[in-house]
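A closer look at the structure
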Amino acid sequence: VMIDDMNLEKSKEKKMAHYVYPGSFCPPTLGHLRIVERAAKLVPQLTIVCSTNEQKIDRWFSKEECRQMWLGYQLPKNVSVKTFAELCGSIHDTEYVMVRGIRNAEDYDHEKAVMELNRNKFGITNYLYLIAEPELAEISSSLARTKAATLSLETLHKYVAPIVITRLLEHALQINNLIMVVGKPASGKTTFLRMIKEIHPRNVVIETDKWNDSFKPFLRERFKCEDLVSLALERDQEVSDTLKDVWLKKIKKSLEKVTEGSNVFIEAAYGLSPIKSLFRFLGGKVLYLGCENDEINKQRMISRGTPALIPFLDRIPGLEKSRHIARENKLSLRIVNTLCEKQKLKEKAQILSAIIHLNNWEEDADI
């Protein structure tokens, strides 16, 4: 802790040091997170401060939105997040120590101006500098925004957390919600999403199951077999790796056609499966549609003439496992129990549609 000698001489009191990590964090990245993790091991308490850099004109999110996005990361227990206004209103008689991350030689030059500004404007003279690790040195908020603007779904997860991916893609596409829909076979996903689409013209559903026939040439070339079901049961990881890029390209083309202001539902039954973890590419808003009775699901598949899908009941996470995966990855999970009469299911679709149009997705409540 460094103390201002003149102030100590006058007051004979030792000020409490408060460690702050300020930035625009538009959005917060995995590079920022690593600086926070390292600093948290060195200091008793650290406050991330979301502020505005007037020199940066390409601001996608407000300070409050950036603060909220920080909650999409697993932060150390001795770390809190505030806006600059909140910090100013909560701490008095404090000696600030500013934490800064240094990525490259350009940052060293920039820091001279930063130090002069903070000394003149806020009286801050104490700093804790951390050199970015080489593998994270090129990560930046501007790069994350660029990747989102070009819908680079295959690379965004290298820069930001899933829930931040959601916010970036929603902003880039100018849509209200981007939601990944998961659930076991015969759990009522298709029926529910059809209802959602009928309720409001801005509710858009991307039905990825309809793409299976288009994957056959890739399967023939790689596996000499085009039966996706049998291949997925026998060689799931290989099939996933083979089709990932093709699948993501189709998602990108579908998203490019979506009109502004839409609520986009991407049907991806396997979205939370550890082998695929599709939330890494599609973001952290997840809708779980579930009939938590495998016997009923089996009977539905038999009556539909698709008994070959029965083994997948054990391959796709159920409700409790889905909750665990969501907590572990800081996903925003909503759950709809589809084991009900058709009219009741339609009422649930109407409730969900109203929720997303009011932008209340984050409220944790089952339907």
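Keep in mind it's a predicted model, so treat the numbers as computed, not measured.

**Topic: the packing of helix H8 (residues 189–199) against helix H15 (residues 342–357)**
Taken N-terminus to C-terminus, the directions of H8 and H15 make an angle of 55°; their axes are 9 Å apart at the nearest point. Comparing their axes, H15 and H8 come out oblique. By crossing handedness, the relation of H8 to H15 is classed as right-handed. On the side of H8, the interface is formed by Thr191, Phe192, Met195, Ile196 and Ile199, while H15 contributes Lys342, Leu345, Lys346, Lys348, Ala349, Gln350, Leu352 and Ser353.

**Quick look at the side chain of His18**
Structurally, His18 can be placed in strand E1 (residues 16–23). A polar atom in the side chain of His18 sits 2.8 Å from the side chain of Thr47.

**Examining the side chain of Ser240**
With respect to the secondary-structure elements, Ser240 resides in helix H11 (residues 236–256). Discounting residues that sit within four places of it in the chain, Ser240 has contacts with Ile275 and Lys276.

**A closer look at the sheet that holds strand E6 (residues 177–182)**
The strand order across the open sheet formed by 5 strands is E7-E8-E6-E9-E10, and the pairing between neighbours is parallel. Edge strands, defined here as strands with exactly one partner in the open sheet, are strand E7 (203–207) and strand E10 (332–337). Going from strand to strand, the sheet's axes swing by 25° on average, the running direction of each strand aside. Looking at chain direction, E6 and strand E9 (residues 285–290) are connected through 3 bridges and run parallel. Across the sheet, residue Val182 finds its bridge partner in E9, namely Tyr288. Relative to E7, H8 is tilted by about 150°, and along the sheet it contacts E6, E7, strand E8 (263–267), E9 and E10. Set on the sheet, helix H14 (residues 319–328) makes contact with E9 and E10; between it and E10 the angle comes to about 165°.

**Details of the packing of helix H6 (residues 141–149) against helix H7 (residues 162–173)**
Close contact between H6 and H7 brings their axes to 9 Å; oriented N to C, the two are set at 55°. Considering the angle they form, H6 stands oblique to H7. Considering only the axes of H6 and H7, their crossing is right-handed. On H7, the residues that touch Ala144, Arg145, Ala148 and Ala149 of H6 are Leu168, Leu169 and Ala172. By residue class, the composition of the contact of H6 with H7 is 6 nonpolar, no polar and 1 charged.

Reading the values: the criteria
- Residues numbered from 1 in each chain as written.
- Predicted model: local features only at pLDDT ≥ 70, side-chain atom pairs only at ≥ 80, totals over all residues.
- Heavy atoms only, no water.
- Axes fitted to C-alpha atoms, helices over the stretch in contact; angles between N-to-C directions.
- Helix = DSSP H or I, 4+ residues; strand = E, 2+ residues; numbered from the N terminus.
- Parallel < 35°, antiparallel > 145°, perpendicular 65-115°, else oblique.
- Left-handed = near helix turned anticlockwise from the far one by under 90°.
- Contact = heavy atoms within 4.5 Å.
- Polar contact = N/O pair within 3.5 Å; in protein donor to acceptor, adjacent residues only side chain to side chain.
- Pairing = 2+ DSSP bridges.
- Nonpolar A, V, L, I, M, F, W, Y, C, P; charged D, E, K, R; others polar.

This is a description of form; function is not addressed.
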